[in-house]
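So you can see what is in the structure, the chains are spelled out below.
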Amino acid sequence: MNKKEINLIIFGDTFGIPMLIDCIKECNISCNISAIVAASIRPYHYEELLKIANSLFIPLIIQPKRDDKNYSFFVKNISLLKPDFIIVNSYSMKLHSEVLSIPKIAAINVHGGLLPEYRGANPIQWAIINGETETGVTIHYMTEEIDAGDIISQKRIPIFFEDTWIDVRNRLYVITKEILKEELPKIFEEKNLRVPQDESKAKYYKRRKPEDGLIDWYRPVVYIYNLIRALVKPLPGAFYFDQNGKKIIIDYFVPYEEVKKLQKKIIGYVIE
């Protein structure tokens, strides 16, 4: 391995950043993390990320939206740090070409879903809603198009029928750490695999909003069941309005048979 210390900037949230730091330490990689970057659209992560940054004596930089007057200063600050790599893990904003072109070697993303089938936001939620029996994690090169770059490595995990999204996330956490510890040394040595994605299989999923949790009781019961378990707390939850117009929130796990009973109670029959 090249003895030159690798210079990194890491982008992520309170799920992704501690994981990256732990994996880098556990791999005993000679590198310098010069900054942590957080998304301006997720300010509730700032306090914990600032504590992490302060413990490492590095800045916490906030990425503004591209049309923000401070965006050019953000790009300049990243550029001045002269990173060899940008590593992104569990991040909620797009990196545009002016940022992706900054690292000397590459920008790498850790995507919590299988590519190319699950590009875009909320891959765990979408996989459960779609009734998938597996999901996974993909490490890939970043390009201007979201989640479309060459794949470095991928691992799969099962989704069981009674899993909530939290169960899946916990399982995903374990294999994400595994894949990072396997691949980071190869990436920094530039000895990793690089496989183009199969565009014929590519699908892109939009970012989910709280209002997307509205239950349509005239959908098959398994779809409703999947929607509920994909949106349990701390997400806003699935919901519907009763006959009096009162909003009923279901932000907890409901067994399949209970969902069937609820559907029958509300519309008079069960849709298998």
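For the structure, check the block above.
Residues numbered from 1 in each chain as written. Predicted model: local features only at pLDDT ≥ 70, side-chain atom pairs only at ≥ 80, totals over all residues. Heavy atoms only, no water.

### What to know about the sheet that holds strand β4 (residues 85-89)
- Overall, mixed pairing links the seven strands, which are arranged β3-β2-β1-β4-β5-β7-β8 in an open sheet. Edge positions in the sheet fall to β3 (60-63) and β8 (151-158), since each of these pairs with one other strand and no more. Strand after strand, the sheet turns through a mean of 20° between neighbouring axes, direction not considered.
- Across four bridges, the pairing between strand β5 (residues 106-111) and strand β7 (residues 134-141) is antiparallel. Pairing of N109 across the sheet is with H140, part of β7.
- In the packing of helix α2 (residues 46-56) onto the sheet, the strands contacted are β1 (6-12), β2 (31-39) and β3, and the crossing angle to β2 comes to about 165°. (Pairing = 2+ DSSP bridges. Helix = DSSP H or I, 4+ residues; strand = E, 2+ residues; numbered from the N terminus. Axes fitted to C-alpha atoms, helices over the stretch in contact; angles between N-to-C directions. Contact = heavy atoms within 4.5 Å.)

### Observations concerning the side chain of Q125
- Within the element layout of this structure, Q125 appears in helix α5 (residues 123-129).
- Here Q125 falls in the buried class, since its relative accessible area comes to 7%.
- Each residue touching Q125, except ones within four places of it in the same chain, is listed here: W165, R208, A230, L231 and L235. (Buried < 20%, exposed > 50% of the residue type's maximum accessible area, 1.4 Å probe, protein only.)

### Some points on the packing of aromatic side chains
- All chains considered together, the criterion is met by twelve aromatic pairs.
- A ring pair is formed by F11 and Y91, whose centres lie 5.5 Å apart and whose planes are at 90°; its orientation type is edge-to-face. Note that F11 is positioned in strand β1 and Y91 in the loop between β4 and α4 (97-100), a separation of 80 residues in sequence.
- Using a relative accessible area of 0% as the deciding quantity, one classes F11 as buried.
- Measuring from ring centre to ring centre gives 5.2 Å for W126 and Y205, while their planes differ by 35°; the resulting arrangement is tilted. Placement of the pair is W126 in helix α5 and Y205 in strand β9 (residues 204-205), with a sequence separation of 79 residues.
- Taking the relative accessible area as the measure of exposure, Y205 reaches 16% and is therefore buried.
- Three or more aromatic residues joined by ring pairs form one cluster here, namely F161, Y225, F253 and Y256.
- A cation sits over an aromatic face here: R208 above W126, 4.7 Å from the ring centre. (Phe/Tyr/Trp six-rings, centres within 6.5 Å; stacked < 30°, edge-to-face > 60°. Lys NZ or Arg CZ within 6 Å of the ring centre and 35° of its normal.)

### Considerations on the layout of surface pockets
- Its volume calculated, the second largest pocket comes out at about 180 Å³.
- What lines the second largest pocket is Y240, F241, D242, Q243, I248, L262, K265 and I266.
- Among the elements of the structure, β10 (238-241) and α8 (256-267) are those that each provide at least two residues to the lining of the second largest pocket.
- The element that contributes the greatest number of residues to the lining of the second largest pocket is α8, accounting for three residues.
- Among the residues making up the lining of the second largest pocket, the classes are represented as five nonpolar, one polar and two charged. (1 Å grid on protein atoms, 1.4 Å probe; cavity = no way out; pocket = protein on both sides within 12 Å on 5 of 7 lines; lining within 4 Å. Points joined across faces, edges and corners; volume = space filled by probe spheres on them. Nonpolar A, V, L, I, M, F, W, Y, C, P; charged D, E, K, R; others polar.)

### Some points on the environment of I159
- Within the secondary structure layout, I159 lies in the loop between β8 and α6 (165-189).
- Look at I159 and you get buried, because its relative accessible area is 6%.
- Between the alpha carbons of I159 and I124 there is a distance of 9.7 Å; along the sequence they are 35 residues apart.
- What I159 contacts, discounting residues up to four positions off in sequence, is A127, I128, E132, T133, E134, T135, V168, R171 and R229.

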